Amino acid sequence: MVDAARHPKVEILAYSEVERVDGYIGNFRVGINRKPWYVIHDRCTGCGDCAPVCPIEIPNSFEIGIAPRKAIDVPHGQAVPLKYAIDMDHCIQCYKCVTACGSRAAIDFSQQAEYVELDVGSIVVATGFDSFDPTVIPEYGYGVYPNVITAMELERLDNSAGPTAGRLIRPSDGREPRSMAIVQCVGSRDRRFNEYCSGFCCMYAIKNAILMKQMIPSMEITIFYMDIRTPAKGYEEFYNRAREMGIRFIHGRPSQITQDPATGNLFVEAEDQELSQVLELETELVVLSSAAIPRADAGDVSSKLTLSRSPGGFFMEYHPKLRPVDSPTDGVFLAGAAQGPKDIPASVAQGSAAASRAARVLSSDTWEIEPIIARVDENVCVSAKGTKCGLCVSACPYTAISCVTGEPAMITSAKCHGCGGCVAECPHSAISQDHFTDAQIVAQLRAILADKPEEKIVAFMCHWCSYGGADMAGTSHFEYPADSRGIRVMCSARMDQDFVLEAYRRGAGMVLLSGCHPQDCHYITGQRVAAKRFDRLLQAVERLGISPERTRVEWISASEGDKYARVITEMSETLKRLPREQILAENRGAREAIERRLRRWKASPQMAELMASTAGDLPGGEELGS
């Protein structure tokens, strides 16, 4: 941080908050609220004369509330910049700090917040993580028993710059503990709170245990664990070193911690799974290894930067293997624990990678994007005719569309990622998607269902997952029937209800709608939008008189080739069980209602021409809208 502060091309905006982010890759406009310090930086020397005279003491968040700080203070001794700030929520304006500052005259109570806007080419999100609060686990007694502390509190007690100058003491009586128990996986790998593993807890628990053993060789240290996870370079050797030092490891998660009110000692009840016996360990101090959780403001950051989040709440990367530091929003990159729990070496590596990715943007005069983008037909868009609509705006997860009544919707091509969700949501067919237009997809349906359509399964597949799963099924030589025909689109959000209706109008036997799992969606909210649409579609198809088993929705990842083969096999068996006469009758019975629904396609020149050219292709030769 000191090197960054001294760099001529780095500007640190400390105590500032991002209010909004507009624009796109290479052309972001970031609005920042610079909060008042009530201290003039050019005059403050960081001498610290003001803090001792301040009469107000409040809990110090940097010291995890163990030690106090003054209403005028620095966050910690190594803060950058090393300038004091006044906490006006607690300041009583006694002006003693003004007197102590003297001729430097650095205190200024009249300062106001300042709003600034910056033009930036790329953004790196490195917001870190929060620690899980163990008070919600009553069986561990955190917040009830003073000698139950968290690993972060132990870190501050063990630090030479901490509140006890590096001397470990028991909070209840201030004396040095002779025994200590460390409990792993507090709040993580627990279905009540967080199912994921925080990753680095095992190593910092072992580190703290070794440090305590070196500081107090006679201390008895026990670590309760579910699994010891030490996969990185030198980690297993570090674990073995701890065992050789006499640190005890018990394979079992404690079920309860109680306290002896007379001594303040704690009793940890657990099952030793290696010995298959229940034990009760008396110890003088218990340390809880709390889970790493997303920042409390992660949702706010996500909405400002148009970022998706994993089921655990951390920011989702573009691709977990191929582009692990890129976010779904071009020009925004992820670093450190903002993307998921990780230790220091992994955070440093990802930080360097994010800086490298951002530099690619900054060093380029132009930036190429995928050509698969959406376009608005101004002659068809009802907003241009004065009708209030804007459905496409809410359908776009990238905020690439803007719409003002009286003007056609406008798509910023640089922000469009080509999911096609807006195309499927537009009720007037005013939006098309390059390379995946309605006409192109209907033309594929026409070719697929030209011969014996009632014997065919039409499979709509998203490019990134279910299509990859189908490809995996082929390359892995999984056997499945040959009566399925695939149509690829970029995202399940592009799968319009009308495509399914058109398939049945053309006599299809069955339809499969397949896309990625919710946590794997390449387009932030695409899968969720599609899932809601498919729920409505299944009901609509059934109301048309088509048997519900003829339409199936499945979420298939790119690695689940076996699942794709199984789903197609099951659908093929179902199709063979259904009488051919029943399929033909259901399709004929639904055709009139479907054609009424699809008449709006004639508003699109391409679709009108296609429909006119395929009038004789349908079973019976009926023309759409005749």
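Residue positions are given per chain, counted from 1 along the sequence in the order it is written. Given that the model is predicted, a residue must reach a pLDDT of at least 70 before its local features are reported, and side-chain atom pairs must reach 80 or more before they are shown or counted; all residues, however, enter totals for whole chains, interfaces and linings. Side-chain descriptors were evaluated using all non-hydrogen atoms of the structure, hydrogens and water having been removed beforehand.

J.: I'd like a rundown of the sheet that holds strand β15 (residues 266-272), residues and numbers included.
T.: Strand pairing follows a simple DSSP-based rule, namely that at least 2 bridges must link the two strands. Secondary structure elements follow DSSP: runs of H or I no shorter than four residues count as helices, runs of E no shorter than two count as strands, and numbering proceeds from the N terminus. If you trace the 3 strands from one edge of the open sheet to the other, you get β14-β15-β16, paired in antiparallel fashion. The open sheet has two edge strands, β14 (256-259) and β16 (277-283), and neither has a second partner. Averaged over all pairs of adjacent strands, the angle between their axes in this sheet comes to 25°, without regard to strand direction. In this sheet, β15 lies alongside β14 in antiparallel orientation, the contact comprising 4 bridges. Paired with Gln256 across the two strands is Glu269, which belongs to β15. Only C-alpha atoms enter the line fits that serve as axes; for helices the fit covers just the stretch in contact. Angles between N-to-C directions range over 0 to 180 degrees.

J.: Please provide a residue-by-residue account of the pairing of strand β24 (residues 457-462), values included.
T.: We call a residue buried when its accessible area falls under 20% of the maximum for its residue type, exposed when it is over 50%, and partly exposed in between, using a 1.4 Å probe and counting protein chains only. Along β24, 6 of the 6 residues are buried, which leaves the element largely enclosed by surrounding structure. Side chains of β24 alternate between two faces, with Ile457, Ala459 and Met461 and Val458, Phe460 and Cys462 buried alike. For β24 and strand β25 (residues 484-489), the ladder comprises 6 bridges, and the chain directions are parallel. Bridging across to β25, Cys462 finds its partner in Val489. Looking down the strands as they point away from you, a crossover is right-handed if its path from the first strand over the helix to the second goes clockwise. Handedness of the crossover is the feature at issue here: the chain leaves β24, passes through helix α12 (residues 466-475), returns alongside β25, and the resulting connection is right-handed. Relative to strand β26 (residues 510-515), β24 is paired through 5 bridges, and the arrangement is parallel. Paired with Ala459 across the bridge in β26 is Leu512.

J.: Let's hear about the packing of helix α11 (residues 438-448) against helix α13 (residues 497-505): which residues, and what values?
T.: For the pair α11 and α13, the least separation of the axes is 10 Å and the interaxial angle reads 30°. Comparing their axes, α13 and α11 come out roughly parallel. Here α11 runs over α13; the crossing is right-handed. Across the interface between the two elements, Asp438, Ile441, Val442 and Leu445 from α11 touch Phe499, Glu502 and Ala503 from α13. In this classification, the charged set is Asp, Glu, Lys and Arg, the nonpolar set is Ala, Val, Leu, Ile, Met, Phe, Trp, Tyr, Cys and Pro, and all remaining amino acids, among them Gly, are polar. Taken together, the residues of the contact of α11 with α13 break down into 5 nonpolar, no polar and 2 charged. Angles below 35 degrees are treated as roughly parallel, those above 145 as roughly antiparallel, those between 65 and 115 as roughly perpendicular, and all remaining angles as oblique. Left-handed describes a crossing whose near helix is turned anticlockwise from the far helix by less than a right angle; the clockwise case is right-handed. The contact definition used throughout considers only heavy atoms, calling two residues in contact when any of these lie within 4.5 Å.

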